[in-house]
Amino acid sequence: MRLREASPREAARAASGRTHEVAAREDAPAVANGTRPGGASVGTSADFTPLPSWSFDASTSAWVQSQADAPLPPPERLTVLTFNVLFDVYDAEQRLATERRVPAMLALLRDTGADVIALQEVTPPFLQALLAEPWVRERYWLSEGPGAATVTPYGQVLLSRLPFSALSQRVFSRDKRIIAARFDLEDAPLWVATHHLTSNHAPTGVGVRARQVQALVEWARSLGTGEAESASDVVLAGDFNFGDAEPENQVFTEAGFVDAWPALRPSEGGETYDPVLNAMAALTTRSGRRQRLDRVMVSSPSGRLVPESVELLGEAPLEGQRAPDGRALHLSDHFGVRCVLHRTRSHRPRPPSTKLVHHTAVVLIPPDSVWEPIQALRRKHDSKFQRWMPHITLLYPFLPEEHFDDAEALLTEALRDVQPFEVSLSEFSHFEHRTNVTAWLRPEDCPRGALQALHAALEKALPECDEQGRKSARGFTPHLSIGQIPRSGAADIERTLAAWARHWRPLTFEVREVCIIRRKGDTPFEVVRRVPLGTPKRAPIPDSPSPQKEEKDPDLRSVLSAHGVDMTPTARHAREEAVRRLQALCTRVGAELHPYGSYLLGTDGPGSDVDAVAIGPSHLSREAFAQALIQELSAASATGRFVADAAIPLVKLSLGGVSFDVAYASRPEGVEPCAPEELLALHSEALDTAGLRSVLGLADIHGLLDAVTRADAGLERFRTLLRTVKAWAKARGIYSHALGYVGGLSWAVMAAWACTRAPREKTVSDVSLLAHFFETFAAWPWPQPVALTPETARYRPDGKRDLFPVIAPAAPARNTARNVSRSTFRVMRGEFARGRDVVRQARQSGTAEAWQSLFTPVDEAHAFQARLELTISALRDDEREAAAGWVLGHLTTLVYPLEGDRRVFVRPVLAPAGKGPLVILGLDAESSVDAWRLFQSADGPLARAVEAFELSFQKWSDRPRTAGLQVKLLHS
C-alpha cells in the first residue's frame, strides 16, 4: 500500500493541535448571519458574535469547521495583504469582465504567498472559485465556508496560513461588517480584522462611517488592557473608504494605530483608488478623485509588531486583455496593499518608571560642515552657547544615564524603519517668554512631516518622555535655538529677525541619526550614544540582474579582471584540492581543519593565502601540532614553518602552490570532538587566547554569511562588491590591519552592511551597489559602530583605539579595526570620499579608463613633504620574511609616537614588492615651518621615535641572525 504524504496544511493542523468541529459538506446549509447558535462570544466587545473557521480536509474532500486549540509559535514576520476584488452584483451589462478578472486575481493572490489575506466585495461565486483553488485548500484557513453566509450578496473574507484560534464578526448592515481573527501566540494574542467601511456615496455616508470607525477603535482598545508586554497586537486591513484628508485619520492615530504606508513611504501618495491609472476605477468613480482608500494599520502597545515594508499590487492592466468597452482591463477598481510586519520574539522591557532629568536629552545635531554660520549667530546671542551644541530637541527632559542601555534599545527598534530625510534651515521665528524672547531657526523637512514622524516614533518608544509634545498647545514644534533677545514690541522683534535673515543663507543637511547627550556638573553637553535612522527591508536582491540594467558593469569588470580579481575554474579547483589535501594531513595528526576568511567567503583571489584553524584534542599542544604537521608536509614534498611569536601563532606553509596560515586550538580536557559553534558556546572560557581568537575568526565568517543570507542580499552580489572593494583598498594601500588601516574581516563587514541595508534602487547592478558603498561610508558618522546584528550593535566605542569601530559578527562584540590611528583614520575618510567622487565620474563617463582611476596607486615618492623608508636586509629569504613580519606587527609602535605631536600626519604605505623598502611612512606637517622643525631636528620627536623602534628591533629575542633594519628619512 502506498502512503499518502501529508499536505503542508495537514502538517500544520497536527502541529497546532487544531480540532475538527462540525463537518460540513459543500451542500450543507448556511449558518444564519454567519453565527453559531448557542455559541459563546469570542469577540471582546459584546457586539461581536462568534464565527466558525474553515479548512479543507483532504481525507473527506470537504471543507470543515476547525480551529487551533493550542498556542502558536510567534512568526518573526507576518505578510498581510488586503484587496477589494470588485463585486459585479449590479453589473447587468457585464462591463466589468468578471469571468476574466477572477482567475487572474486568484493567480496574483497565490503568487504573493501572504500569511494573511483580507478580501472585500467577495461574492458567493468568487468564494466558490476561491474554495476550489488547490493552493487555498492546501495552505489556508478561511473565515467563510461553502454556505457563503457572510458574503451574500457580498462581504469580506479572511484567509490565513496560521490556524485561527477564534473568529468573530460585528455586523453593521447586510453588507458591512468587521471580520476579526484571533491568533493565540505563545507570548501574546494577535488580532487581524478586515472591514469595508461605508463610502461617501450616500448623504448619510460620513456619519455612518464615523460610527463604524468608533466601533473599530473601541473594539481595539478593549483588547489592549493589561500590561503592554501581554497586550494584544491588532492589525486592521481593509477598505477604509476615506482619504488622507479625512478626520478619521486622526481618530486612528489617537487610538495608537500606525498607518503603514505614510510611516514607511511618506513621500509617496499610495493611492489605491486611481481613476487616472486604473480603467476599472474610471468606470466606477463618481468624483474622479485619486484616493488612498485601502490600508494596513497596526496597533502594538508593546512595540513588538512594526511595519517593515509596504507596496501596491495589481497596478498593471492584464496583459493582452481588454474590457468589453475596449479599455484596459485591471484586476479591480482598487489596487491591493501588501505589508510585511516584523515581530520580535522577545521584546526588551521598557526602562522602569523613573524621574526624568534635565542633564540628558535626545537631539538632532546638524553635521559639522554646517555649524559655522549657526555658531556665528549663537556666539553673539545665545547665553547657553557653551552648554549646548547646535541641536533640535526631540526628547527633553530625558532618562538618567543608568537607563541608557534600555532606552537605546527601544529607540533603535523604533527608528529601524524611519528613513533618513533632509532638513533645511532658512527662516527665523521666535518664542515669547515672560522676560525675554528665544529666537530660532525653523527646520523645514523633506519629505514634509518627517520631523513630526521622527518625534512621534521616539515618543511612542518612550512615552514618559513626552514634554516636548505637550508643553505647547501647538504640540511638538521643532526648532534650532539661535539665542535670546530682549522682550519688546512685536515690530521690534520682527525687525531684529528680519535683519538676521538678510544675511542668512539657507543650510541643508541630511538627518541620518539622533543623539543621546548628557552633561556632568557644569561641563558642556556631549554625545554619548548615536542611534541611526534605518531603511525598510527591501525585496531580495537578484544575483543576476537584467542586462539592460548593467550597461556600465562590463567596463568595471574588465578593469577588475586586469587586477586579477577573478579566478579561473582551474585555479579554483587547485585551491580546493590543496585544502582537501591539508585537511587529510591534519586528520593524520589528530586535528580537524576548518578554512575561513576569504576562502570561506568565496572572495579569495589566485594568489591569496588561505586562513584556517585546526582544532585538536587537549593532549595535543600547539607546538606538538605544528611539529607533527610540518613533518607530514615534509613527507608530502611541501614546506612549512611555525611562527611562534606572532599574536596568534601560525604554521605558514605552501601546498600544491597554495599558501596557508594555519592556527591551532585545542579542546579543553574531557571535551569530545564537536562543531566549532558548540565549542564556542559551551567551552569558550576554557580556550587559551590564541585558540579562542582563531575559532572566533571562523565563527565571524559564518555569522557574516548568515547575515547576508538572512537579509536576502544576494551572495554573489555581495561577493562581487567585496572583491571590488578589496581590489580598490589594496591599490590605495589601505588593505592592511598591520599598517593601521583595516583588514579583510573589516572590509567584509562593511560590504555586508552596505548590501543588507541598501535600498532596492541601489541594487540594480554591481555598479550601483558599489556607488552605494562609497556614498554610505564617505558620510558615515564615526565612531558609530558598523555592526551586522542587534547584539553586536551594542558595542560601545571607548578611547583612541575605537576611532573606526567595525564590529565582528560573532559574539562577543569586538572592534576589528583597533589599529586605526588619528592619521590613518584621516586617510580612510579621505579615501572613501575620493572613491565616492571617482565612482560618480566613472558612472557618468562609462569608460574603462574612468574606472581604472579608482585603482590608481598612491604616489608615495611625491605625495608627502617627507617620508621614512623602512628596509629589511637578510641573507636568506625565510629570515627576510620573518623580519618583515616583525616590522609589520610592530609598526604601530612607531606610528603612534610620530603622530603624538598633533601637527604631524602619517600615512603608512606598503612599498611595491622588490629589493627596495618594505614600508614607507609618508609624513606631512601643518606648515612648511613645522615640517622643517619636526623632520630635521636631530633630537625631535621623529628622531626619538625612530631610534626607539630600531632599538626594539635589535633587542628582538628571536631576530634572525643576518636580519637588519634600515630607516631612512627622505624629503620631497
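For the structure, check the block above.
The structure displayed is predicted, hence computed values, not measured ones.

## What about the nonpolar core?
Note on soluble globular proteins: their nonpolar side chains tend to be buried together.
Okay, so step 1: Formed by 102 residues in total, the largest nonpolar core has its most connected members in Trp747, Met750, Phe804, Phe832 and Leu870.
Okay, so step 2: Once residues lying within four places of it in the same chain are set aside, the contact partners of methionine 750 are Val742, Phe773, Phe777, Trp782, Val786, Phe804, Val806 and Phe832.
Okay, so step 3: Counting 46 residues, the second-largest nonpolar core is a separate cluster that includes Phe398, Ala461, Phe476 and Leu480.

## Observations regarding the sheet that holds strand S25 (residues 592–595)
Backbone-to-backbone hydrogen bonds pair the strands of a sheet. The strands run either parallel or antiparallel.
Okay, so step 1: One open sheet holds the 5 strands; their spatial order is S25-S26-S29-S28-S27, and the pairing between them is mixed. Bordering the open sheet on either side are S25 and strand S27 (639–643), each of which pairs with just one other strand. Between one strand axis and the next, the sheet turns through 25° on average, direction left out of account.
Okay, so step 2: Against the sheet, helix H19 (residues 689–710) makes contact with S25, strand S26 (610–616) and strand S29 (658–666), and its axis sits at roughly 120° relative to S29, the strand it touches most.

## Describing helix H17 (residues 622–635)
Okay, so step 1: With 14 residues, H17 should reach 20 Å at 1.5 Å per residue; the first-to-last C-alpha distance of 20 Å fits that figure.
Okay, so step 2: Buried within H17 are the following residues: Arg622, Phe625, Ala626, Leu629, Glu632 and Leu633. Taken down its axis, H17 places every buried residue within 130° of arc, on the same side. Seen from the buried face of H17, the exposed residues on the opposite side, beyond 90 degrees, are Gln627, Gln631, Ser634 and Ala635.
Okay, so step 3: Elements that come into contact with the buried residues of H17 comprise helix H15 (569–588), S26, S27, strand S28 (650–655), S29 and H19.
Okay, so step 4: With its phi angle positive at about 60°, serine 637 sits one or two positions after the end of H17.

## A short note on the pattern of salt bridges
Okay, so step 1: Enumeration according to the criterion identifies 51 salt bridges in this entry.
Okay, so step 2: Between aspartate 184 and arginine 182 there is a salt bridge, with the nearest N and O atoms lying 2.8 Å from each other.
Okay, so step 3: We note a salt bridge from glutamate 432 to arginine 487, for which the minimum N-O separation is 3.3 Å. With glutamate 432 in strand S19 (residues 421–432) and arginine 487 in the loop between strand S21 (480–486) and helix H13 (490–502), this pair connects stretches of sequence that are 55 residues apart.
Okay, so step 4: Where salt bridges share partners, they join Asp187, Asp233, Arg304 and Arg343 into one cluster.

## Some points on the sheet that holds strand S24 (residues 526–532)
Okay, so step 1: Spatial strand order, S18-S17-S23-S24: 4 strands in an open sheet with antiparallel pairing. A strand with exactly one partner marks an edge of an open sheet, and here the two such strands are strand S18 (392–395) and S24. For this sheet, the mean inter-axis angle between neighbouring strands, taken without regard to orientation, is 35°.
Okay, so step 2: The pairing of strand S17 (residues 360–364) with strand S23 (residues 513–518) spans 4 bridges and is antiparallel. Looking at S23, one finds that valine 363 is bridged to cysteine 515.
Okay, so step 3: Across the face of the sheet, helix H10 (residues 404–415) comes into contact with S17, S23 and S24 while running at roughly 35° to S24.
Okay, so step 4: Sheet strands in contact with helix H11 (residues 450–461) are S17, S18 and S23, and its direction is about 35° off that of S18.

## Quick look at the pairing of strand S10 (residues 177–184)
Okay, so step 1: Counting buried positions along S10 yields 6 of 8 residues, so the element is predominantly enclosed.
Okay, so step 2: Where strand S9 (residues 166–171) and S10 come together, 6 bridges link them in antiparallel fashion. The residue bridging serine 168 from the neighbouring strand is alanine 180, located in S10.
Okay, so step 3: With antiparallel pairing between neighbouring strands as the criterion, S9 and S10 make up a hairpin whose turn holds 5 residues.
Okay, so step 4: Where S10 and strand S11 (residues 189–195) come together, 7 bridges link them in antiparallel fashion. For isoleucine 178, the partnering residue across the bridge sits in S11 and is histidine 195.

About the thresholds
- Starting afresh in each chain, residues are numbered from 1 along the sequence in its written order.
- With the structure being a predicted model, the display of local features is reserved for residues of pLDDT at least 70 and the display and counting of side-chain atom pairs for 80 or more, all residues being used for whole-chain, interface and lining totals.
- In computing side-chain properties, one takes all heavy atoms of the structure into account and sets aside hydrogens as well as water.
- Here, nonpolar core means buried Ala, Val, Leu, Ile, Met, Phe, Trp, Tyr and Cys residues that are tied together by side-chain atoms lying within 4.5 Å of each other.
- For every residue, the accessible area (1.4 Å probe, protein chains only) is compared with the maximum for its type, and the residue is labelled buried under 20%, exposed over 50%, or partly exposed between those bounds.
- The contact criterion used throughout is that any non-hydrogen atoms of two residues lie within 4.5 Å.
- For two strands to pair, DSSP has to find at least two bridges joining them.
- A run of H or I in DSSP counts as a helix once it spans at least four residues, and a run of E counts as a strand once it spans at least two, with each numbered from the N terminus.
- Where helices are involved, their axes are fitted lines through C-alpha atoms of the stretch in contact, as for all axes, and angles between N-to-C directions lie from 0 to 180°.
- Given a helix with a known number of residues, its expected span is that number minus one, times 1.5 Å.
- What the arc covers is the set of directions going from the helix axis to the C-beta atoms.
- Salt bridges are identified by distance alone: a Lys or Arg side-chain nitrogen within 4 Å of an Asp or Glu carboxyl oxygen.

What is shown is where atoms sit, not what they do.
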